[in-house]
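Fold and geometry: a report
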Amino acid sequence: MPIQILADDVVSQIAAGEVVERPASVVKELIENALDAGAKNIHVDIWQGGQKRIRISDDGEGIHADEVRLAITRHATSKLRQAEDLQSIRTLGFRGEALSSIAAVSRLALVTRHRDETIGTEIRVEGSAIIHQKPVGNPAGTVISVDNLFFNTPARLKFLKSENTEKRQIVSIVTHYAMAYPHVRFVLLHDGREFFRSPGSGQLEDVVVKVFGLENFKQMLEVGGTERIHELGDDIVVHGFVSQPKLNRKDRTRIIVFINGRAVQDSGLTYAVTQAYHTLMDKGRHPYAVLMIHMPTDFVDVNVHPTKAEVRFQDTNVVFTAVQRTVRRAIVGFAQAERHGGYGVGQVEREGWSLPYNDAPQRQLDMDLEVEPLGTFGDQPDPAEMSEDELARIPEGAGRPENPRTLPLLRVVGQIGAAYIVAEGPAGMYLIDQHTAHTRVLYTELKALRAQQGRLPHRELQSQTLEVNPDVAQLIEQHLEMLQSLGVILEAFGGTTFLIRSIPAIWQVGDPPALVWSLLGCLQSASVDDVSDALLVHIARLAAVKAGKILDVDEMRGLVRKLEYCPDPLIDPDGKPTLIHMSADHLAREFGRANRTS
Ligand code: ADP
Ligand code: MG
């Protein structure tokens, strides 16, 4: 064949091959874009392991209407201008390849509105060809749907692994990013069912509990340390959680390392972590670890590979030492403390105060995913398929016709501090936070009601008005119907004044305009995809009994009884705990009864 320059679409497909290896790579790139755009909520919906459809919504800054086309053009980026910038990269993306690559091998739809603009844009691309582009009204942020990945590259399609394997990879990506960005709330749905949710509380431990399960987390230690890079006069900072030596496994898949917020695959670092356990853990075993490592951007080169999962350090040894020392110090400190009996109050409490029941929601994800570490999309052995049993552990939504009991039968003993209910069960003592527990109960009930009747019961009001600013007025107009389905009927009353016709019937106390205001505040900050659920949570929270209210025994009994049947009784919808359980064993130990007969 004579030499010819390849046609554009062929080049795009070849380039796409480097970035988009499988559905999980799409999820990774789109999450990175959402994070780069400053999103606080990232919602990942996948269907059939992402092969049929991937949709990622974020509430980041969005894309300007006149830049939408550029965004899907190869080597077009807002994050890098000149080669020198490569040394100081603070964003996750910079190569300007992801969107164009994904668009080259899928049917891509992008709906976005920049937060400074009033009108959004929708664009559809099929195998790089733009099908249409039009203005649309949508909330600020970006929603990208990727349908039928690899529809035009049959060779790639053939190499996709089973749906479960692909799904596991995606779970791995989402959970890793949730740990690296604990202040961002991630939600992952598979085939419409919620699979993972991070609380977005900003606390790494909250996410680690969700990902590894509470039982494992209880066997982990917090680590933190710094190492000076002498020639730069700067520090490498390491912090995170590692397991006590007794918690270990045969592979390295639970050693998760982030460099400057980027999940990386680096066998040297993984080795450094395992090395720190030298003599404390059997050969061939590996710990659990989640380590966040921060270093000056010019000390690390992230531009090694298109997936950016590999990095190079100016001085590998310094990084290695920083990691090993930090982990070693914590492990040895723990081992010594253990030998001398006791590891401080915090530790004892963590062990004794635990959540009841084996199927606590925190454990739902700890299903031995056997995932490859993030970014290793190479030739690794195919992870074991997920069993029926594991699939069955996917959380069920609230509002099922008959919820099974999720807590043992509890006997109410009393109330303390006008905030907590003390109860007793077969396995010890329970301290229940009346506000979060009630929020959980009400949310479960409201969700079920809305599912059954399509709307929440409302309470009509007379002559209550609401003055809003033009932004909020527009927001109300946009969500009029949804608000109505939640029992909030607002009627335009000229200008930016609204009449409050009704509020949710569940709001029995409080000033209606103030309650509606609060709800609108929630509407403003809710994520694109999650709006109505976020509002439902907010309605429940506003209606729930507050701390400071003295309850009579019947009220407490009623609340506890309902909590016993909630699908997620241990946390409120925002992930805050509803109760603390102190086991009978722990009580016995605390009182030195462990070895006594009476
Ligand atoms: P890169 O992330 O390397 O810049 P991409 O192809 O992933 O390249 O994205 C191209 C550009 O599109 C980005 O630089 C950014 O300006 C814009 N973009 C992509 N996704 C989003 C998003 N979710 N929110 C806001 N802007 C986005
Ligand atoms: Mg990108």
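These remarks concern the structure in this document. Residue indices begin from 1 for each chain and proceed along its sequence in written order. In the order they appear in the text, chains get letters beginning with A and ligands get numbers beginning with 1. Reporting in this predicted model follows two pLDDT cut-offs: at least 70 for local features of residues, and 80 or more for side-chain atom pairs to be given and counted; totals over whole chains, interfaces and linings ignore these cut-offs and use all residues. Computation of side-chain values: all heavy atoms of the structure, hydrogens and water removed.

1. A few points about the overall build of the protein chain
In this text, helices come from DSSP runs of H or I with a minimum length of four residues, and strands from runs of E with a minimum of two, each type numbered from the N-terminal end. A tally of regular secondary structure across the protein chain gives 19 helices and 26 strands. Per-residue burial for the protein chain yields a buried fraction of 52% across its 598 residues. In what follows, residue pairs with any heavy atoms lying within 4.5 Å of each other are defined as contacts. Considering only contacts in the protein chain between residues 6 or more positions apart, those separated by 24 or more positions represent 71%. For the protein chain, the computed accessible surface area is about 27,400 Å², with 50% contributed by carbon and sulfur atoms. Accessible area is worked out with a 1.4 Å probe on protein chains only. A residue is then buried under 20% of its type maximum, exposed over 50%, and partly exposed in between. For every accessible area listed, the method is Shrake-Rupley and the probe measures 1.4 Å; residues are considered covered only by the protein chains on display.

2. Describing the packing of aromatic side chains
In this description, an aromatic ring pair is defined by two values, namely the gap between the centres and the angle between the planes. We call Phe, Tyr and Trp rings a pair once their centres come within 6.5 Å, taking the six-membered ring for Trp, and we label the pair stacked below 30 degrees between planes, edge-to-face above 60, and tilted otherwise. Taken as a whole and judged by the stated rule, the model has 4 aromatic pairs. Considering the side-chain rings of Tyr 271 and Phe 320, the 6.3 Å spacing of their centres and the 40° angle between planes classify their relative orientation as tilted. One end of the pair, Tyr 271, is in helix H9 (residues 267–275); the other, Phe 320, is in helix H10 (residues 316–339), with 49 residues separating them in the sequence. Using a relative accessible area of 47% as the deciding quantity, one classes Tyr 271 as partly exposed.

3. A look at the sheet that holds strand E8 (residues 193–197)
Strands pair, by our definition, only if DSSP identifies at least two bridges between them. Strands sit in the order E5-E4-E3-E6-E2-E1-E7-E8 across an open sheet of 8 strands; the sheet is mixed. Pairing within the sheet leaves two strands with one partner each, and these edge strands are strand E5 (129–136) and E8. Here the strands of the sheet are splayed against their neighbours by 15° on average, with no regard to which way each runs. By the bridge criterion, 6 bridges tie strand E1 (residues 41–47) to strand E2 (residues 53–58) in an arrangement that is antiparallel. Residue pairing in the sheet places His 43 in a bridge with Ser 57 of E2. Packed on one face of the sheet, helix H6 (residues 163–180) meets E1, strand E7 (185–190) and E8 and runs near 170° to E7. Between N-to-C directions, angles span 0 to 180 degrees; the directions come from axes that are lines fitted to C-alpha atoms, helices contributing only their stretch in contact.

4. So, the packing of helix H13 (residues 434–453) against helix H18 (residues 553–563)
Axis separation between H13 and H18 bottoms out at 9 Å; the angle between their running directions is 60°. By the criterion of interaxial angle, the relationship of H13 to H18 is oblique. When you trace H13 past H18, the crossing you get is left-handed. Taking contact as the criterion, the partners of Gln 434, Ala 437, His 438, Arg 440, Val 441 and Glu 445 in H13 are, on H18, Leu 559, Lys 562 and Leu 563. Class assignment for the residues of the contact of H13 with H18 results in 4 nonpolar, 2 polar and 3 charged. In these notes the angle categories are as follows: under 35 degrees is roughly parallel, over 145 is roughly antiparallel, 65 to 115 is roughly perpendicular, and the rest is oblique. Each crossing gets its handedness from the near helix: less than a right angle anticlockwise from the far helix is left-handed, clockwise is right-handed. Here the term charged refers only to Asp, Glu, Lys and Arg, the term nonpolar to Ala, Val, Leu, Ile, Met, Phe, Trp, Tyr, Cys and Pro, and the term polar to all other amino acids, Gly among them.

5. Focus: unusual backbone geometry
You will see that Gln 48, though not glycine, has its phi angle at about 50°, which is positive. Looking at the element boundaries, Gln 48 is found in the loop between E1 and E2. Even without glycine at this site, Ala 418 takes up a positive phi of about 50°. Considering the arrangement of structural elements, one finds Ala 418 in the loop between strand E19 (411–416) and strand E20 (420–425).

6. Details of the pairing of E2
It is a general feature of regular strands that their side chains alternate between the two faces of the sheet. Hairpin connection from E1 to E2: 5 residues lie between these consecutive antiparallel strands, with Gln 48 at a positive phi of about 50°. Here E2 pairs with strand E6 (residues 141–147) via 6 bridges, running antiparallel. In the sheet register, Arg 55 faces E6, and the bridge partner there is Ser 145.

7. Notes on H9
Among the residues of H9, those classed as buried are Leu 269, Thr 270, Ala 272, Val 273 and Thr 274. Contacts described as polar in this section are N or O atom pairs within 3.5 Å, which, within protein, must combine one atom able to donate a hydrogen with one able to accept it, while residues neighboring in sequence count only if both atoms come from side chains. Among the residues of H9, the N-terminal cap falls to Asp 266, whose side-chain oxygen and the backbone nitrogen of Gly 268 are separated by 2.9 Å.

8. Comments concerning the sheet that holds strand E12 (residues 255–259)
Ordered by their spatial adjacency, 5 strands build an open sheet running E9-E10-E15-E12-E13, and the pairing between neighbours is mixed. What marks the edges here is a single partner per strand, and that holds for strand E9 (220–229) and strand E13 (262–264). When strand polarity is set aside, the average angle formed by the axes of neighbouring strands in this sheet is 20°. Note: E12 against strand E15 (residues 289–294), 5 bridges, orientation parallel. Considered in E15, the bridge of Phe 258 is made with Met 292. Of the strands in this sheet, E9, strand E10 (234–243), E12 and E15 touch helix H7 (residues 204–212), which is tilted by about 40° from E10. Helix-sheet contacts for H9 involve E12 and E15, and the interaxial angle to E12 is about 125°.

9. What about the environment of Arg 197?
With respect to the helices and strands, Arg 197 occurs in strand E8. Arg 197 gets classed as buried once you look at its relative accessible area, which sits at 16%. In sequence terms Arg 197 and Ala 178 are 19 residues apart; their C-alpha atoms lie 8.6 Å from each other. With residues up to four places along the chain from it excluded, the contact list for Arg 197 reads Arg 185, Phe 186, Val 187, Lys 210, Asp 530 and Asp 533.

10. Observations regarding the pattern of salt bridges
Two side chains with opposite charge may pair up if their charged atoms get near one another. Here, a salt bridge means any side-chain nitrogen of Lys or Arg that lies within 4 Å of a carboxyl oxygen of Asp or Glu. What the rule picks out here adds up to 17 salt bridges. Between Lys 28 and Glu 32 there is a salt bridge, and its shortest N-O distance comes to 3.2 Å. Here the residue Lys 28 and the residue Glu 32 both occupy positions in helix H2 (residues 23–36), the gap between them amounting to 4 residues, near one helical turn. With relative accessibility at 2%, the residue Lys 28 sits in the buried group. Across the pair Arg 561 and Glu 564 runs a salt bridge, and its minimum N-O distance is 3.2 Å. Taking the relative accessible area as the measure of exposure, Arg 561 reaches 32% and is therefore partly exposed. Residue classification places Glu 564 among the buried residues on the basis of a relative accessible area of 0%.

11. Digging into the pairing of E8
Judged from the 4 bridges that link them, E7 and E8 form a sheet pairing that is antiparallel. For Leu 189, the partnering residue across the bridge sits in E8 and is Glu 194.

12. A word on the nonpolar core
In this text, buried Ala, Val, Leu, Ile, Met, Phe, Trp, Tyr and Cys residues form a nonpolar core when linked through side-chain atoms within 4.5 Å. Counting 65 residues, the largest nonpolar core has Val 27, Ile 31, Ile 42, Met 179 and Phe 186 as the members making the most contacts within it. Take this core: its biggest share by element is 8 residues, from H6. Discounting chain neighbours no more than four positions away, the residues touching Met 179 are Leu 204, Val 207, Val 208, Val 211, Ile 256, Phe 258, Val 290 and Met 292. In terms of nonpolar packing, the next biggest core, distinct from the first, is built from 34 residues, Leu 466, Ile 476, Ile 503 and Leu 515 among them.

So, to be careful, I would describe these as geometric facts and stop short of saying anything about function.
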